Amino acid sequence: MEVERGVACLAKAAVGNALWDLWARIENKPVWKLLTDMTPEQLVSNINLKYKFFSSTDFITEEEAIKMLRENEKYEEEYEKMLKRDGYPAYISNVGSVKYSNQKIKDTCRNYVKLEVVQVKYKPFWVEEALHPDDVVGYDNKEFEKLKGITLAGGETYGNCVEIKQVLEKHTFNFLKISLARLAINDALAAYFMAKKNETPICPHTGGLGLCEMAQHLQMWDFICLSQSTQNRLIEFIDYKHGYFVNPVHIINGRYMPPTLPGYSTMFKQKVIERWSYPSGSRWRHLFHLGFPTYFQRKKQQEEKGERKCRRGFPTRKSENKQTEREKKEETQETEEKIK
């Protein structure tokens, strides 16, 4: 029995997405345009609806998927023009993903209040991953029923359509968040069709390197061909390492503008490859030169030096700064002794 979990699942998705990227480059189109230009039959033939011990056709059939696309086909040109003109709405989650300090959050809120931007009372748009991400049954717990009425979002840890099908059948989430690092485009498309039938909007998770670049393609295809709506649909944006890519996301007025270069927008710049290729990259060699202590070595160093620890045994930023200052002081003293 094949288990679609862990490293094997991520590797499968990486290879699958690389093949889609190559296909789009051969066709000289961005992935969203490659998908949009396919006939309904061509697109559905590429979707992974069948599994060895499971078939999502008990949730949605190939005929249903083709019918959904056929019904929207006459409006595709109009929606593509709208996308190119207006872009796709985004929301930013830097405050959590980039780990702003409490003081920065307070200062930022205070500045917005001064600018009179905040003029109405806000409430959470959704609560994300309210329980353990693997606890599908937990949402049926009696204690959790007391919180009904709260808008829930989740699903970013799911690596196959079986899990997605289960949460959709139970109507667990008001918003489905899928991760394109865990799903190849074939599986992601199946998730979009199942969510469409279930009337659950998808807002992809992008809390990782390159996920913003990937998520925009599927959402834009969905806007043109499937849902043809941005109501309750957004693409998460995190301002993180976009400069690593040849074709990074392009945001104007809080909206993703459609990529124009061929591919899946995931090609790294050559200098990034030279720096971070393991183990010969310049960054890795630099880390090895510094000693690059392992987790257990670092934990032992902490215990010997009596440093305060944070999660997982690593020193806090504060203790790291102290350690750096102490090392500089020791080096200065050694230098002075040598001079003497």
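Cut-offs and rules
- Residues numbered from 1 in each chain as written.
- Predicted model: local features only at pLDDT ≥ 70, side-chain atom pairs only at ≥ 80, totals over all residues.
- Heavy atoms only, no water.
- pLDDT = per-residue confidence, 0-100.
- Helix = DSSP H or I, 4+ residues; strand = E, 2+ residues; numbered from the N terminus.
- Contact = heavy atoms within 4.5 Å.
- Pairing = 2+ DSSP bridges.
- Patch = residues over 30% accessible without salt bridge, like charges linked within 9 Å, V, L, I, M, F, W, Y side chains within 5 Å.
- Areas by Shrake-Rupley, 256 points an atom, 1.4 Å probe, with all protein chains shown as cover.
- Salt bridge = Lys/Arg side-chain N within 4 Å of Asp/Glu carboxyl O.
- Core = buried A, V, L, I, M, F, W, Y, C linked by side-chain atoms within 4.5 Å.
- Buried < 20%, exposed > 50% of the residue type's maximum accessible area, 1.4 Å probe, protein only.

### Quick notes on the confidence of the model for the protein chain
Per-residue confidence for the protein chain gives a mean pLDDT of 80, with 73% of residues at or over 70. The weakest mean pLDDT in the protein chain belongs to helix α15 (residues 317-339) at 55; the strongest belongs to helix α2 (residues 31-36) at 97. In this model, residues 308-321 is a region of pLDDT below 50 whose contacts with residues beyond four sequence positions or in other chains number 24 contacts.

### A closer look at the sheet that holds strand β4 (residues 175-176)
As a general point, the strands of a sheet are linked pairwise by backbone hydrogen bonds and lie either parallel or antiparallel. Pairing is parallel in the open sheet, where 3 strands are placed in the order β2-β3-β4. Taken across any chain shown, the strands that pair with only one partner, and hence form the sheet edges, are β2 (127-128) and β4. Direction of pairing for strand β3 (residues 152-154) relative to β4: parallel, over a ladder of 2 bridges. By the bridge assignment, G154 is partnered in β4 with L176.

### Remarks on a nonpolar patch on the surface
A cluster of nonpolar residues, L209, Y240, F268 and I273, forms a patch on the protein surface that exposes about 340 Å² of accessible area. With respect to the helices and strands, the residue L209 is situated in the loop between α10 (185-198) and α11 (211-226).

### Digging into the nonpolar core
Counting 57 residues, the largest nonpolar core has I164, I178, F193, L218 and W221 as the members making the most contacts within it. Residue contacts for L218: discarding those within four places in its chain leaves L35, L180, I185, A188, L189, Y192 and Y264.

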